[in-house]
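# Geometric and topological summary
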Amino acid sequence: MAETPETAAAAPPPARRGGAMRRLRYLAIALIALAALAYGAREVWDRFTHVHEYDARIKANMVTLASKVDGVILELAVEEGDRVEAGQVLARLDDRIPKLRVQGLEAELAGLEAERRRLLVERGVMDAQTSTRMRTRESGVQASRAGRSVLLADLDLARSELRRAKALYERRVVSRQALDKASARVDRIRADLKKVDAETQAARAQMAEAEAERQRLDVIDSELAMLDHRTARLQAELDQQRVDVDDRLLRAPGDGLIDRIFVETGEFVNDGQRMLLLHDPDDLWIEANIKETELSRLRVGQAVAVSVDAYPETAFTGTVERIGSTTTANFALLPTPNPSGNFTKITQRVPVRIGLERNGMTLLPGMMVEVNIDVRDR
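Notes on the structure follow.

Moving on, we get to the overall build of the protein. A tally of regular secondary structure across the protein gives 4 helices and 14 strands. The buried share among the 378 residues of the protein stands at 28%. For the protein, the share of sequence-separated contacts (at least 6 apart) that also reach a separation of at least 24 residues comes to 82%. Carbon together with sulfur atoms contributes 54% to the accessible area of the protein, which is approximately 25100 Å² in total.

Structural data, given as structure tokens:
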């Protein structure tokens, strides 16, 4: 088709088309360079104002529950994934023999209590009897003393009358009968005095017997003291057996979530063997191992931007709660000595605890996260 004057005027010349393409290329290159410059400036700014760590994980207090005694598992009351409350029974071991021991000790304690009540009754009866007897004999002794005093006064009077009767008889003033009567009265009072003395001696002897019987009270008190010691010892054994019975119930130490069950019903477990693993899903935090070269820029309370791998489209926030007091190398099970003298310096890392706002999301211990700590607020 031949080129007409109209088409020749409408099409731009080749030189002009090449210039437009070059301008587009230059513009694209300029835009790319600008974007690279902005990205580089942002990276430099971020390095000065933030500490970034890729290798961070969500942590929790993982509690391993172990058996406190040997025994057969009779019941597992939970399954993996169950939420439990503090004090809830998670597993029960065979407790028949400890319960029988508890019953035997309770029976022994009941027998000791019955024996104690018997001794207390016996002591009360003996105390009342001996006290009454001693009071009666004491009254008798006092009465005998009073009677003896009266008899002594009568005896003095009778002796005076006898001497006067003898003097009058010698002068033939009174008869022999009057003299004999005065003499007989003296003899009778002497006999009464001997009788009173004998009664007093008998009362004192009976008081001594009552006092001897009261010494039985000391024996009963000693028996009661021995019973108290035996009761205390048996009570301690009973408390120990009750603890043994309670130890056969595996209880949750706090609210939590069952992560793993390591045993099965009917299995025999040894003392100290692990049975369950749980953690508190409401008590989670982030542990980030920060380079020691960045440690001087960190402070407790600094804001942290968190990215959770499980929720890449959700932004999380946190706060620096605690900066570790030693490097992670000191937690290694196997030390790394350097006997050859060859040394390669490696930047150490320090664990930093970061509190996390979960925003209603389900987060699990061990999840990978990235943290970006704003260190401008120092």
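Inspection of every chain in the model, using the stated rule, returns 1 cavity of 30 Å³ or more. Lining the largest cavity, in full, are Ala66, Ser67, Lys68, Leu93, Asp247, Arg248, Leu249, Leu250 and Met275. Within the lining of the largest cavity, the residues separate by chemical class into 5 nonpolar, 1 polar and 3 charged.

The full count for this structure, using the stated rule, is 23 salt bridges. Two residues, arginine 92 and glutamate 75, come together in a salt bridge whose shortest N-O distance is 3.7 Å. Of this pair, arginine 92 sits in strand E5 (residues 89-93) while glutamate 75 is found in strand E3 (residues 71-76), placing the two residues 17 residues apart along the sequence. We note a salt bridge from aspartate 282 to arginine 83, for which the minimum N-O separation is 3.5 Å. Of the two residues, aspartate 282 is situated in the loop between strand E9 (274-279) and strand E10 (284-291) and arginine 83 in strand E4 (residues 83-84); the sequence distance between them amounts to 199 residues. The pair formed by aspartate 282 and arginine 83 is uniform in burial state, with each residue classed as exposed. One network of salt bridges, in which partners are shared, links Glu115, Arg118, Glu122, Arg216 and Glu223.

Right, let's get into the sheet that holds E4. One open sheet holds the 4 strands; their spatial order is E2-E9-E7-E4, and the pairing between them is antiparallel. The open sheet has two free edges, formed respectively by strand E2 (63-66) and E4, since each of these has just one partner strand. By the bridge criterion, 2 bridges tie E4 to strand E7 (residues 256-261) in an arrangement that is antiparallel. Looking at the pairing, arginine 83 lines up with leucine 257 of E7.

Let's shift gears to the nonpolar core. Counting residues in hydrophobic clusters, the biggest one holds 23 residues, and the most contacted among them are Ile286, Val306, Val371 and Ile373. Elements supplying a minimum of two residues to this core: strand E1 (50-60), E10, strand E11 (303-308), strand E12 (311-323), strand E13 (349-357) and strand E14 (368-374). When residues no more than four places from it in sequence are discounted, the contact partners of isoleucine 286 are Ala56, Arg57, Ile58, Val306, Val352, Arg353, Ile354, Leu356, Val369 and Val371.

This next bit is on the side chain of aspartate 374. Following the sequence through the fold, aspartate 374 ends up in strand E14. Polar contacts involving the side chain of aspartate 374 include one to the side chain of arginine 376, which spans 2.9 Å. Here aspartate 374 is in contact with Thr49, His50, Gln302 and Ala303, once residues within four sequence places are set aside.

With that settled, the discussion passes to the sheet that holds E5. Here we have 4 strands laid out as an open sheet, ordered E6-E5-E3-E8, and antiparallel in their pairing. Edge positions in the open sheet fall to strand E6 (249-251) and strand E8 (268-269), since each of these has one partner strand only. As paired elements, E3 and E8 share 2 bridges and run antiparallel to each other. For valine 72, the partnering residue across the bridge sits in E8 and is phenylalanine 268.

As a further point, take the environment of isoleucine 323. Locating isoleucine 323 in the fold gives a position in strand E12. Sequence-wise, isoleucine 323 and valine 352 are 29 residues apart; in three dimensions their C-alpha atoms are separated by 4.6 Å.

Here the focus is a nonpolar patch on the surface. On the surface, Val72, Leu74 and Phe268 cluster together into a nonpolar patch covering about 240 Å² of accessible area. The topology assignment puts leucine 74 in strand E3. Owing to a relative accessible area of 37%, leucine 74 belongs among the partly exposed residues under this scheme.

Sheet topology note: the E7/E9 ladder contains 4 bridges and is antiparallel. Bridging from a neighbouring strand, leucine 257 pairs with histidine 279 of E9.

A separate point is helix H3 (residues 96-170). The terminal C-alpha atoms of H3, which comprises 75 residues, lie 109 Å apart, in line with the 111 Å expected from a rise of 1.5 Å per residue. A positive backbone phi angle near 60° is found at arginine 172, which sits one or two residues after H3.

Centre distance and the angle of the planes are the two values used to describe a pair of aromatic rings. Applying the stated criterion across every chain, the model contains 1 aromatic pair. For the pair tyrosine 311 and phenylalanine 316, a centre-to-centre distance of 6.3 Å together with 55° between the ring planes defines the contact as tilted. By relative accessible area, which is 22% here, tyrosine 311 ends up partly exposed. Judged by its relative accessible area of 2%, phenylalanine 316 falls in the buried class. In this structure, arginine 353 packs its charged tip against the face of tryptophan 285, placed 3.8 Å from the ring centre.

Reading the values: rules and limits
- In every chain, residue numbers begin from 1 and rise along the written sequence.
- Two thresholds apply to this predicted model, a pLDDT of at least 70 for residue-level local features and 80 or more for giving and counting side-chain atom pairs, whereas whole-chain, interface and lining totals are computed over all residues.
- As a convention, hydrogens and water are excluded, and side-chain values are obtained from all of the structure's heavy atoms.
- Helix numbering and strand numbering both begin at the N terminus, where a helix is a DSSP run of H or I of at least 4 residues and a strand a DSSP run of E of at least 2.
- Accessibility here uses a 1.4 Å probe with only protein chains present; expressed as a share of the type maximum, an area under 20% marks a residue as buried, one over 50% as exposed, and anything in between as partly exposed.
- Note on definitions: a residue-residue contact is assigned when non-hydrogen atoms from the two residues lie within 4.5 Å.
- Here the Shrake-Rupley method, with its probe set to 1.4 Å, supplies the accessible areas, and only the displayed protein chains count as covering residues.
- Only protein atoms enter the 1 Å grid used here, on which a cavity is any set of points holding a 1.4 Å probe that cannot leave and a pocket is any open set flanked by protein within 12 Å on both sides along at least five of seven lines; residues with an atom within 4 Å of a point are listed as lining.
- Grid points are joined across faces, edges and corners, and a volume is the space filled by probe spheres set on the points.
- Only Asp, Glu, Lys and Arg are considered charged, only Ala, Val, Leu, Ile, Met, Phe, Trp, Tyr, Cys and Pro nonpolar, and every remaining residue, Gly among them, polar.
- A carboxyl oxygen of Asp or Glu within 4 Å of a side-chain nitrogen of Lys or Arg is what we treat as a salt bridge.
- Two strands make a pair as long as DSSP finds a minimum of two bridges between them.
- Think of a nonpolar core as a cluster: buried Ala, Val, Leu, Ile, Met, Phe, Trp, Tyr and Cys residues, connected wherever their side-chain atoms sit within 4.5 Å.
- Whenever two N or O atoms come within 3.5 Å, that pair is a polar contact, provided that in protein one can donate a hydrogen and the other can accept it, and provided that, for residues adjacent in sequence, both atoms are side-chain atoms.
- By definition, no residue in a patch forms a salt bridge, and every one has over 30% relative accessible area; like charges are joined within 9 Å, nonpolar side chains (Val, Leu, Ile, Met, Phe, Trp, Tyr) within 5 Å.
- In this scheme, a helix's expected span is set at 1.5 Å multiplied by one less than its residue total.
- Aromatic pairs are defined between Phe, Tyr and Trp rings, using the six-membered ring for Trp, whenever the two ring centres lie within 6.5 Å; interplanar angles under 30 degrees are classed as stacked, those over 60 as edge-to-face, and all others as tilted.
- By the criterion adopted, a ring carries a charge over it if an Arg CZ or a Lys NZ lies within 6 Å of its centre and within 35 degrees of its normal.

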